[in-house]
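One-letter residues, chain by chain:
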Amino acid sequence: MATTEREVRVRFAPSPTGPLHIGGVRTALYNYLFARQHGGTMILRIEDTDSQRFVPGAEDYINEALAWLGIGIDEGVREGGPYGPYKQSERRDIYREHVKMLLDAGKAYIAFDTPAELEAKRNEIANFQYDASTRGMMRNSLTLPAEEVERLIADGAQYVVRFKVEPGRDVAVNDLIRGTVTIKSDILDDKVLYKSADDLPTYHLANIVDDHLMKVSHVIRGEEWLPSAPLHVLLYEAFGWSDTAPDFVHLPLLLKPDGKGKLSKRDGDRLGFPVFPLEWHDPKSGETSSGYRESGYLPEAVVNFLALLGWNPGDDTEVMSMDELISRFSLEHCSKAGAKFAFEKGKWFNHTYLQELDNARLAELFKPVLKEHGVDPSAFSDEYIAAVVGLVKSRINFVRDLWEHARFFFAAPEEYEAKAVKKRWSEQMPAIMTELADKLENEADFTGTVLEPSVLGWIEEKGYHLGNVMNAFRLTVVGECKGPHMFDITDLLGREETVRRIRKGVERIHPAE
Ligand code: GLU
């Protein structure tokens, strides 16, 4: 199909039935990348025709998640646009009109079968399917006299409108990733397109009517929708829209990280990673599900990670900004095979993006974590917090990990690691540490690079054991024998605080029995 000559218009069309799953986020992202690359339009359409499954808050959640990730929308419920409304429950008149078009053309029919009657048929006929082979024995406008149909409707009988699928046809779905997938129309049933009970169309009708009216050029969606595509092809045909029908792109499934099968929320719970972009509070059950945002992921890292689940740039480049993804994205490099949800890789991306983050911005992200741990960030200068995070960030995957590595920069240790005390705090150590504190108090220049040779020279001159003295020193300042370079630490803490900590250690640390 002439994809390049056509104005690119794509849509992300979620149903607000709960929090957006991470697979849905990937679908939105690929639509966005494709749209931006082609200078096209990204539409957000809310498919809320299934009133039974509507969940309050889900639509806001979708908007918030996309905004957090930087997936911009050009036309939508909030943005407006020339083809609105963009919420299906506000388009009833349009669907009614289109249902009538199909009925008038004899491409659809009215069916009155009650749920009980359908159930009875299912019990009577093995593998019952409402189609060309059975519609003749059901209560519908093909079997009942026209007057009776009119009378039933006038009397307020509930009915559905079904699509009349012609048997014996080969239906070809052209998918830009999968090639042409052909199926026999005989396997399709006469799908319900409209229900009088709530005066709403079903997903199939609303979806294709809107794609047509909104001039959608490419339908990019998850593989789970591939089975619906033949029906959609037939619907375009029934409306006489085949020439302008969109191209299909069915994205590969996201698979469990550790085996076969579709990724599920349970995998996330079991292995400890979120499957939702943002935290979600279920209004019915009251249950909370974790989100990437609240778990400490940067949106750039999530985008980069998701972009590579089902697509590759053709070489081994991994770290790509949104702009780079937009310029490099291509359907040719999307895979057919499912993509394993390698969540450890997601952590790696987050680590990588945190390293590239400006220290001042990282310090801002760290402030709420400090507060959670009872530290008032305003007691420290922004420069100090930024310098601290700069010193320890190579060790973290998440912002919250900064606390573990940097806590001693915000409060002197109250406890000292027992193992290190046992190993390093010998009988002579209090005297040596007092000597060190005195020396540091009188040091002309406390700058780390100047202090380091001076202290090391002193240790050597005195004939002390380098490892023991430096570790004891670290123990008084940090509380344990790990952390960044000692003289980077003293540089930030400053003379007064360093000396105070050494003297406190001398008082408080008692050699192990
Ligand atoms: N409303 C469908 C969904 O929830 C849309 C599928 C499609 O993109 O056609 O994903």
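What you see is a predicted model; the values in this text were computed from it and never measured.

Participant: Whenever I open this one, the overall build of the chain confuses me. Can you help?
Facilitator: Across its full length, the chain carries 19 helices and 15 strands. Computed over its C-alpha atoms, the radius of gyration of the chain comes to 33 Å, more than 25% above the 24 Å expected for a compact globule of 513 residues. A principal-axis box enclosing the C-alpha atoms of the chain has dimensions of 110 × 50 × 40 Å. For the chain, the share of sequence-separated contacts (at least 6 apart) that also reach a separation of at least 24 residues comes to 72%. As presented, the chain carries roughly 24,000 Å² of accessible surface, and 50% of it is formed by carbon and sulfur atoms. Separation of charge centres in the chain, based on 62 positive and 82 negative side chains, amounts to 3 Å.

Participant: When you look at the side chain of Arg474 in this model, what are you seeing that I'm missing?
Facilitator: Among the secondary structure elements, Arg474 is positioned in helix α18 (residues 466-478). In terms of polar contacts, Arg474 uses its side chain to reach the backbone carbonyl oxygen of Pro484, at 2.8 Å. Discounting residues that sit within four places of it in the chain, Arg474 has contacts with Gly479, Glu480, Cys481, Lys482, Gly483, Pro484, His485, Met486 and Ile489.

Participant: How do you make sense of the packing of aromatic side chains when you look at a structure like this?
Facilitator: Geometry of an aromatic ring pair is reported as the spacing of the ring centres plus the angle between the planes. Taken as a whole, this structure holds 23 aromatic pairs when the rule is applied. Centroid distance Trp311 to Phe329: 5.6 Å. Interplanar angle 40°. Geometry classified as tilted. With Trp311 in the loop between α9 (299-307) and α10 (322-328) and Phe329 in the loop between α10 and β15 (339-340), the pair connects residues that are 18 residues apart, well separated along the chain. In this structure, Trp311 and Phe329 share a single accessibility class: buried. By way of ring pairs, the aromatic residues Phe366, Phe380, Tyr384, Phe408, Phe409 and Phe410 are connected into one cluster. Across from the ring centre of Trp348, 4.4 Å away, lies the NZ or CZ of Lys345, which sits over that ring.

Participant: Whenever I open this one, the nonpolar core confuses me. Can you help?
Facilitator: One broad trend across soluble globular proteins is that nonpolar side chains are buried collectively. Counting 112 residues, the largest nonpolar core has Phe341, Phe410, Met433 and Phe473 as its most contacted members. Examining the composition of this core, we find that nine residues originate from one element, helix α1 (residues 22-37), more than from any other. The contact partners of Met433, leaving out residues within four places of it in the chain, are Trp425, Val469, Ala472, Phe473, Ile502 and Val506. Counting 39 residues, the second largest nonpolar core, distinct from the first, contains Val216, Val219, Ala229 and Ala245.

Participant: Sorry, what's going on with the sheet that holds strand β4 (residues 108-111) here?
Facilitator: Two modes of strand pairing occur in sheets, parallel and antiparallel, and in both the strands are linked by backbone hydrogen bonds. Spatially, four strands are ordered β4-β5-β8-β9 in an open sheet, and the strand pairing comes out antiparallel. Here the strands that pair on one side only, and so sit at the sheet edges, are β4 and β9 (200-201). Sheet analysis places β4 next to strand β5 (residues 160-163), joined by four bridges and oriented antiparallel. Pairing of Tyr109 across the sheet is with Arg162, part of β5.

Participant: I tried to follow the site of the ligand on my own but got confused; where do I start?
Facilitator: Around the ligand, the neighbouring residues are Arg11, Ala13, Ser15, Glu47, Tyr203, Asn207, Arg221 and Trp225. Asn207 is positioned with one of its side-chain polar atoms (N or O) 3.1 Å from an oxygen atom of the ligand. For the ligand, the accessible surface in isolation is 300 Å², of which the surrounding protein chains cover 85%. Given that more than half its atoms are within 2 Å of the pocket grid, the ligand belongs to the largest pocket. Grouping the amino acids of the shell around the ligand by side-chain chemistry returns three nonpolar, two polar and three charged.

Participant: Hey, could you run me through empty space enclosed by the protein in this one?
Facilitator: This structure, assessed with the given rule, holds one cavity of 30 Å³ or more. Its boundaries defined by the atoms lining it, the largest cavity holds a volume of some 30 Å³. Looking at the largest cavity, the residues that line it are Leu44, Ile46, Glu59, Asn63, Gly76, Val77, Arg78 and Glu79. Grouping the constituent residues of the lining of the largest cavity by class yields three nonpolar, two polar and three charged.

Participant: Can you walk me through the pairing of strand β11 (residues 247-251) in this structure?
Facilitator: Most of β11 is tucked away: five of the five residues are buried. Neither face of β11 is left uncovered, since the one carrying Asp247, Val249 and Leu251 and the one carrying Phe248 and His250 both have all their residues buried. Both strand β10 (residues 218-222) and β11 contribute to a ladder of five bridges, which runs parallel. Counterpart to Arg221 in the pairing with β11 is His250. With helix α7 (residues 229-239) bridging β10 and its parallel neighbour β11, the resulting β-α-β unit is right-handed.

Criteria and thresholds
Residues numbered from 1 in each chain as written. Predicted model: local features only at pLDDT ≥ 70, side-chain atom pairs only at ≥ 80, totals over all residues. Heavy atoms only, no water. Helix = DSSP H or I, 4+ residues; strand = E, 2+ residues; numbered from the N terminus. Rg over C-alpha atoms; globule rule 2.2 N^0.38 Å. Contact = heavy atoms within 4.5 Å. Areas by Shrake-Rupley, 256 points an atom, 1.4 Å probe, with all protein chains shown as cover. Lys, Arg positive; Asp, Glu negative; His and termini not counted. Charge placed at Lys NZ, Arg CZ, Asp CG, Glu CD. Polar contact = N/O pair within 3.5 Å; in protein donor to acceptor, adjacent residues only side chain to side chain. Phe/Tyr/Trp six-rings, centres within 6.5 Å; stacked < 30°, edge-to-face > 60°. Buried < 20%, exposed > 50% of the residue type's maximum accessible area, 1.4 Å probe, protein only. Lys NZ or Arg CZ within 6 Å of the ring centre and 35° of its normal. Core = buried A, V, L, I, M, F, W, Y, C linked by side-chain atoms within 4.5 Å. Pairing = 2+ DSSP bridges. Near = heavy atom within 4 Å. 1 Å grid on protein atoms, 1.4 Å probe; cavity = no way out; pocket = protein on both sides within 12 Å on 5 of 7 lines; lining within 4 Å. Sits in = over half its atoms within 2 Å of the grid points. Nonpolar A, V, L, I, M, F, W, Y, C, P; charged D, E, K, R; others polar. Points joined across faces, edges and corners; volume = space filled by probe spheres on them. Right-handed = clockwise from strand over helix to strand, strands pointing away.

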